[in-house]
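# Working through the structure, step by step
The chain contents come next:
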Amino acid sequence: GGELRVRIRQLPSASHGLHIWPSALLLASYVHRHRSLLRRLPVVELGAGVGLPGLAAALLGDASSVTLTDRADDERVLRNLRDACSANGAPSARVVGLTWGEMSPHAAELVRGMEGGGVVLAADCLYEGAGFDAFLSTVSALLGGGGECWCVL
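Residues numbered from 1 in each chain as written. Predicted model: local features only at pLDDT ≥ 70, side-chain atom pairs only at ≥ 80, totals over all residues. Heavy atoms only, no water.

### A closer look at the side chain of Thr69
The criterion, for reference: Numbering goes from the N terminus for both helices and strands, where a helix is a DSSP run of H or I of at least four residues and a strand is a run of E of at least two. Two N or O atoms form a polar contact when they lie within 3.5 Å of each other; inside protein one atom must be a possible hydrogen donor and the other a possible acceptor, and for residues adjacent in sequence the pair counts only when both atoms belong to side chains. Contacts are residue-level and defined by heavy atoms, with any inter-residue pair within 4.5 Å sufficient.
Structurally, the position occupied by Thr69 is in strand β2 (residues 65-70). Side-chain polar atoms of Thr69 contact the backbone oxygen of Glu45, separated by 2.7 Å. Residues contacting Thr69, with those up to four places away along its chain left out, are Val44, Glu45, Leu46, Gly47, Ala48, Val96, Leu98 and Leu110.

Right under this line is the structure:
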């Protein structure tokens, strides 16, 4: 229960990653209702965009850690995510640029952090056919040690 308020800055005329999409609202609501399932688990949001589901997980405080990720080459989206973490009083939430399907140092660190299991969040991040295999490869790597993917496509 209870109400959760999250401050998000949208830039509707900008890239896909700077909008709140309906599936993000649905996933954030699911995170809120099922937050006890996140207790003491690391959470990684893929394709976070404005980061609503991941911020919900961070603000609820049940997860052991929360990392919000989006494309490594989209600094505008990553900067907006960092600003949202600050604006919502979630300084412990990390923001990481991540290219799906590539095992960068950031990706390897995330995989290590999920070795005992964790939860991957993803909302409306597969809107084009391209990227599906890379997305599944990244989810598989992150959840190799067990865990769940809460995904709304």
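### Describing the packing of helix α1 (residues 22-33) against helix α2 (residues 52-60)
Note the following rule: Here the axes come from fitting lines to C-alpha atoms, over the contacting stretch only for helices, and the angles between their N-to-C directions go from 0 to 180 degrees. Reported orientations rely on four angle classes, namely roughly parallel under 35 degrees, roughly antiparallel over 145, roughly perpendicular from 65 to 115, and oblique for the rest. Whether a crossing is left-handed or right-handed is set by the direction in which the near helix is turned from the far one by less than a right angle, anticlockwise for left-handed and clockwise for right-handed. Nonpolar residues are Ala, Val, Leu, Ile, Met, Phe, Trp, Tyr, Cys and Pro. Charged residues are Asp, Glu, Lys and Arg, and all others, Gly as well, are polar.
As a packed pair, α1 and α2 sit with axes 8 Å apart at the nearest point and diverge in direction by 20°. The angle between α1 and α2 places the two elements in the roughly parallel class. When you trace α1 past α2, the crossing you get is right-handed. Across from Ala24, Leu25, Leu27, Ala28, Val31 and His32 in α1, the residues of α2 making contact are Leu52, Pro53, Ala56, Ala57 and Leu60. Considering only residue class, the contact of α1 with α2 consists of 10 nonpolar, one polar and no charged.

### Side note on the sheet that holds strand β3 (residues 94-97)
This is how it is decided: Here the rule is simple: two strands pair whenever DSSP picks up at least two bridges between them.
Pairing within the open sheet is parallel, and its five strands lie in the order β3-β2-β1-β4-β5. Single-partner strands in this sheet number two, and they are β3 and β5 (148-152). If you compare each strand with its neighbour and ignore which way they point, the axes differ by 20° on average.

### Regarding the confidence of the model for the chain
Under the convention used in this document: Known as pLDDT, the predictor's per-residue confidence is scaled from 0 to 100.
Here the chain averages 90 in pLDDT, while 95% of its residues score no lower than 70. No element of the chain has a lower mean pLDDT than helix α3 (residues 75-87), at 93, and none a higher one than strand β1 (residues 42-46), at 98.

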